[in-house]
Each structure stands twice: as C-alpha cells, then as structure tokens.
Amino acid sequence: MLHKIASRPPRLWGAWLHFSHCRRLSTVEVLGRSYPKDKFTNITPSILSKLPTQLYTRPGHPLNTLKTTIEAHFPDYAHFSNLPALVSTYQNFDSLSFPADHPGRSATDSYYVNKDLMLRTHTSAHEVEVFCDGHKKWLLTADVYRRDEIDSSHYPVFHQMEGARLFSDDLNVSGDALARENTRLFSELSSEHVVLEDRTLVDSKNPYQEHHNKQLADLVTQNLKYTLSLLLFKLFAQAADPSSEAPLQIRWIPAYFPFTTPSYEVEVFFRHKWLEILGCGVIQQATLTNAKVSNEIGWAFGLGLERIAMILYKIPDIRLFWSEDLRFLSQFKPGEISTFQPYSRYPATERDISFWCPNDFHSNDFCDIVRDEAGDLAEEVQLIDQYHDKRKQGYVMSRCFRIRFRSMERSMEHAEINKIVITIKKRASEALRVEIR
Ligand code: PHE
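Computed from a predicted model, the values in this text were never measured in an experiment. (Residues numbered from 1 in each chain as written. Predicted model: local features only at pLDDT ≥ 70, side-chain atom pairs only at ≥ 80, totals over all residues. Heavy atoms only, no water.)

A. Focus on the overall build of the protein. Each helix and strand in the protein was counted, giving 12 helices and 16 strands. Computed over C-alpha atoms, the radius of gyration of the protein comes to 24 Å, within 12% of the 22 Å expected from 2.2 N^0.38 for 437 residues, which places it in the range of a compact globule. In the protein, which comprises 437 residues, the share counted as buried stands at 53%. Contacts in the protein between residues at least 24 apart in sequence constitute 71% of all its contacts with a sequence separation of at least 6. Of the accessible surface of the protein, which amounts to about 20,400 Å², a share of 52% is contributed by carbon and sulfur atoms. In the protein, 52 positive and 55 negative side-chain charges are present, and the distance between their average locations comes to 6 Å. (Helix = DSSP H or I, 4+ residues; strand = E, 2+ residues; numbered from the N terminus. Rg over C-alpha atoms; globule rule 2.2 N^0.38 Å. Buried < 20%, exposed > 50% of the residue type's maximum accessible area, 1.4 Å probe, protein only. Contact = heavy atoms within 4.5 Å. Areas by Shrake-Rupley, 256 points an atom, 1.4 Å probe, with all protein chains shown as cover. Lys, Arg positive; Asp, Glu negative; His and termini not counted. Charge placed at Lys NZ, Arg CZ, Asp CG, Glu CD.)

Following this line, the structure appears as structure tokens:
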C-alpha cells in the first residue's frame, strides 16, 4: 500500500452524546473534572476532544520541530509546555489589565466553561504565575482556543509560544550588562544578511511607562528587538529560496496590547509578501506587580506556531496539522524544516444553508455547530448572502452560509454529508433559534 489512509468513524458522536447528557446534569467535564455550567458555558464536545492532544510533543511534527528550533535559540531559558488549558478569567484577562469591555472577553470570541473559567485564548494567560514562581527568562508553549470563522487559516485550537525576560529595574544594577549584551547582539545581527526596518518611534500613542527610567526602558526595548530579530532571521533565512541574493527584511511596527507598552508587531518580507509574525512589548508594570516582582522591568512576546509553520513549510491548510494521514506525517523529519509536498486531494462538496436569524445571531455560534457535527470535514464556511426583510414582527435578517466539506483522508458519500447537514440545521434551529428557509 502506497499510503495508509486512517479510516476513522465520525469522530464526535461519542463526545456529543456525553455532552448532551452533561447538559441535563448542569455540569461539564473537562480533563476528568466536573465543573458547574451557567449561562456563559459554550465549550463544545469537539473542542473538549482536542484538549489532551498536545500536537507539539510529537517528534517530527512540524509544530514540534518549530518549537524545538525556537527553544534552541533560547538555551538558557526555562521551557514550559505542560500548563493546563483551563484558566480563570483573571489569568486570561484581569491579571493582564484587559479592560472590562475588551471584545476578547465576549462569549462569541472565547470558550467558557462557566463565567469564571475558560480555555486560555493566549499563552500570556500564564505570565503572572510563571513570574510569580521566580522565573526571569522563560519560554512557554501551549494550545490556545478562540472561537472564529472556518477557513484554511483559522482553526479553533492553535498553538502559541510566549517568551519573556526580566531585568532589575535599577539602571545601576542592570544597565551596563544590558548595554554590553545589546552591542554584542547588534554586531551579530550586522554580520547577517538581514535588513531591519524600524518604524517604531516611542511617542504618546505607544509610550514608555511613567515610572520607568527612560534609559533602561530603551535598553530593554533594544534587547527585545535584537533578540527577536535574530530569532526571525534564524527561522526564515533557512527556509528562503537559496538562489535569492536579497537580504531578509524584517520590520518593526507600533502595536497595542493591554499588557505591554511600548508594544510592537514584527513583520517579515517573505516570498514577496509582508507577513505579520508576532506581537511583543515591554511588560506593563501592573502584570509584574500582580506577580509580586515589582522591582523588575522586562519584555514579552507571543507568536502563533501554525502561522509560522504554514509559511516555512508551505502548508496550505491549517487542518493538516491535525491529520493522521501518513502522506502528511511521514514527510517530516525531526528537527528539519522542509517544504510540504502536496498530495492529491479528495473532492469537495458544497452545501448552502439559509435561515432567518434572531438579532443576537453570531456566525461563530453557527461555525461551532458546524465544527461539532462535521469535525475536520468542514473546510470552509462562507457567508454568501444576507439581506433584511420586513416580516410580521419587523425587519429580520436572512443569511445564507455555504459550507465546503472535504476530507483530508478519504472520499465522502453524499449520504454522509446529507446526514451532517440535517443535524446542523436541527441544532441551529434549536440552539440559535434560526428559522431554516
Ligand atoms: N498574547 C498576544 C496575542 O495573543 C501576543 C503578545 C504576547 C503580545 C506578549 C505582547 C506580549 O496576540
């Protein structure tokens, strides 16, 4: 046999039945423990089934290779990759100074177990506890969860790496050593075939923190820029077209995060496009105070592993990371970043579903039902039409979604898709109060 096609039964039924059962019980089981449900609960069986997977621990998997390559760039940092995905809303948001009305807190964007507990939406959720444990240089890898659309670059579970470093906030203590290190990093960078473009003036929109010594904040910012530019050079230069003479271009642009200031986004010019690669900045003092390390100053960054792996390996669809197909898995060698060799795809089937929507309809709720019923067979959900119509009780919105189904691993029967579509319609009418047209 040329390749083994993992034939799996429809994966989510078992989990869904269990979940419906729990629905009546008013508790939800997450990683073997029961938690009370409330009106915030929106975690689904298909999401729960992803929690134990830890893709990034599988030797040879592109996410594992990328993780170990990044870890190798930070040899004297503590490396964490085992922190549970279930966090408090305090960890995910409040400890990081997210305002009360930040959109990320909304149940349409995040997965809640109940009003106090959620699946982390980013690795920054662990900053306070890791600093609190006394770590001053660390990297952390984890699965993170966001409710989103369904297409080739969005998946409700993805992986991030967070890195951070602290220094004494006394210029007399850390200033000289930091200045020397920055000189060394700068000369290392200057010897590489790389062009740094820095559009980041520190100004009132992206300020230093009031209580920071400006000279020290400047040294910390420089250290962040040189450290991450060297990391990006290491990652991207090896994947660049060897025949290209052009230097790698990296640009720094101002950004905003509630838990850093100044804050930056870093972009790399790669295969003819500017690509956004990571977010970072100087850690807000409030985070350090929450972690009881208020006499420190430091930087943090967070990056999405799938995003970078898709670019470096030329992986065209984010669902492939979850594939058990040997045509995918056997392509990669541990520690080696190589170009993905596409193999023949099974045909896609599209189905349109139209309905009248109540005012509080949100497409992420619909996408979660699709994900739950179709699993990774759902390739894309696209809103193809919407309009207002005057009906009995005023204006209502009609929406039509086109769902594209395609298995990565086998061909599908029409009957199988029909069955999934019927269940999606049924659940959408019950749970979202839409009226199927
Ligand atoms: N947590 C941010 C995100 O998910 C990234 C980030 C990490 C930004 C650390 C600044 C500092 O987008």
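We are not done yet, so read on.
B. Quick peek at the pattern of salt bridges. The full count for this structure, using the stated rule, is 28 salt bridges. E350 is the partner of R404 in a salt bridge, and the nearest nitrogen-oxygen pair spans 3.9 Å. On the criterion of sequence distance, the pair formed by R404 in strand β15 (residues 394-405) and E350 in strand β13 (residues 349-357) is long-range, its members being 54 residues apart. Here the salt bridges do not stand alone but share partners, grouping D317, R319, R345, E350, E379, E380, R404 and R406 into one network. (Salt bridge = Lys/Arg side-chain N within 4 Å of Asp/Glu carboxyl O.)

C. Quick peek at the domain arrangement of the protein. Domain boundaries assigned for the protein yield domain 1 (48-329) and domain 2 (346-436). Placing the centre of domain 1 and that of domain 2 at their C-alpha centroids yields a distance of 34 Å. With 21 residues of domain 1 in contact, the opposing surface of domain 2 contributes 17 residues. Approximately 1,600 Å² of surface area, both sides summed, lies buried where domain 1 meets domain 2, with 45% of it carried by carbon and sulfur atoms. (Domains from an automatic or database assignment. Buried area = accessible area lost by both parts, 1.4 Å probe.)

D. Here's a closer look at the sheet that holds strand β9 (residues 248-257). The strand order β3-β6-β7-β12-β11-β10-β9-β8 describes an open sheet built from eight strands, whose pairing is mixed. Looking at the sheet topology across the chains shown, the edges are occupied by β3 (78-80) and β8 (194-198). Direction aside, the axes of adjacent strands within the sheet are offset by 25° on average. Of the strand pairs in this sheet, β8 and β9 are connected by five bridges, and their pairing is parallel. Paired with L196 across the two strands is I250, which belongs to β9. Packing against the sheet, helix α6 (residues 171-190) makes contact with β7 (157-168) and β8, and its axis sits at approximately 130° to β7. (Pairing = 2+ DSSP bridges. Axes fitted to C-alpha atoms, helices over the stretch in contact; angles between N-to-C directions.)

E. Quick peek at unusual backbone geometry. Here the bond from T261 into P262 is cis, since omega is -5°, no more than 30 degrees from zero. Assignment of secondary structure puts P262 in strand β10 (residues 260-270). The backbone of L31 sits at a positive phi, close to 45°, despite the residue not being glycine. With respect to the helices and strands, L31 occurs in the loop between β1 (27-30) and β2 (33-36). For R433, which is not glycine, the phi torsion reads 55° and is therefore positive.

F. Region of the structure containing helix α11 (residues 363-374). Taking 1.5 Å as the rise per residue, α11 with 12 residues should run 16 Å; its terminal C-alpha atoms sit 16 Å apart, in good agreement. With 10 of 12 residues buried, α11 lies mostly within the body of the structure. Taken together, the buried positions of α11 are occupied by N364, F366, C367, D368, I369, V370, R371, D372, E373 and A374. Just past α11, the residue G375 takes up positive phi, approximately 55°. (Expected span 1.5 Å × (residues − 1).)

G. Spatial organisation of the nonpolar core. Within the largest apolar cluster, 79 residues are counted, with the highest numbers of intra-cluster contacts made by I70 and F236. Tallying contributions element by element places helix α7 (residues 214-237) first for this core, with 13 residues. Contact partners of I70, with chain neighbours within four places excluded, come to L139, M161, L231, L235, L303 and L305. Core analysis: the next-biggest nonpolar cluster, separate from the first, contains 24 residues, A378, I403, F405 and A428 among them. (Core = buried A, V, L, I, M, F, W, Y, C linked by side-chain atoms within 4.5 Å.)

H. Up close: the environment of W322. Assignment of secondary structure puts W322 in the loop between α9 (305-313) and α10 (326-329). By relative accessible area, which is 9% here, W322 ends up buried. Between the alpha carbons of W322 and K50 there is a distance of 9.7 Å; along the sequence they are 272 residues apart. Sequence-distant contacts of W322, defined by excluding residues within four places in its chain, comprise K50, T53, L55, Y155, V157, H159 and D376.

I. Seen up close, the pairing of β7. Within β7, 11 of the 12 residues are buried, which leaves the element mostly enclosed by the surrounding structure. With nine bridges connecting them, strand β6 (residues 137-145) and β7 associate as antiparallel partners. Among the inter-strand pairings, L139 is bridged to a residue of β7, identified as G163. The pairing of β7 with strand β12 (residues 296-304) spans nine bridges and is antiparallel. If you follow F167 over to β12, its bridge partner there is I297.

J. Molecular detail of the site of the ligand. The local shell around the ligand holds 13 residues, among which H122, S124, R146, Q160 and G302 are the closest. A distance of 3.0 Å separates a nitrogen atom of the ligand from a polar side-chain atom of H122. At 2.9 Å, a side-chain N or O of S124 approaches a nitrogen atom of the ligand. Relative to its free-state accessible area of 330 Å², the ligand is covered by the protein chains to the extent of 88%. Going through the elements one at a time, β7, β11 (273-283) and β12 are the ones with two or more residues in the shell around the ligand. No other element matches the three residues that β12 contributes to the shell around the ligand. Looking at the shell around the ligand, its residues break down into five nonpolar, six polar and two charged. (Near = heavy atom within 4 Å. Polar contact = N/O pair within 3.5 Å; in protein donor to acceptor, adjacent residues only side chain to side chain. Nonpolar A, V, L, I, M, F, W, Y, C, P; charged D, E, K, R; others polar.)

K. Structural detail: the pairing of β11. In terms of residue burial, β11 counts as a mostly covered element, since eight of its 11 residues are buried. Relative to β11, β10 runs antiparallel, the two sharing nine bridges. Its bridge partner being in β11, V266 is matched across the sheet by L278. Here β10 hands over to β11 after two residues, with R271 in that stretch at a positive phi of 45°. Sheet topology note: the β11/β12 ladder contains five bridges and is antiparallel. Counted as the bridge partner of G279 is G302 from β12.

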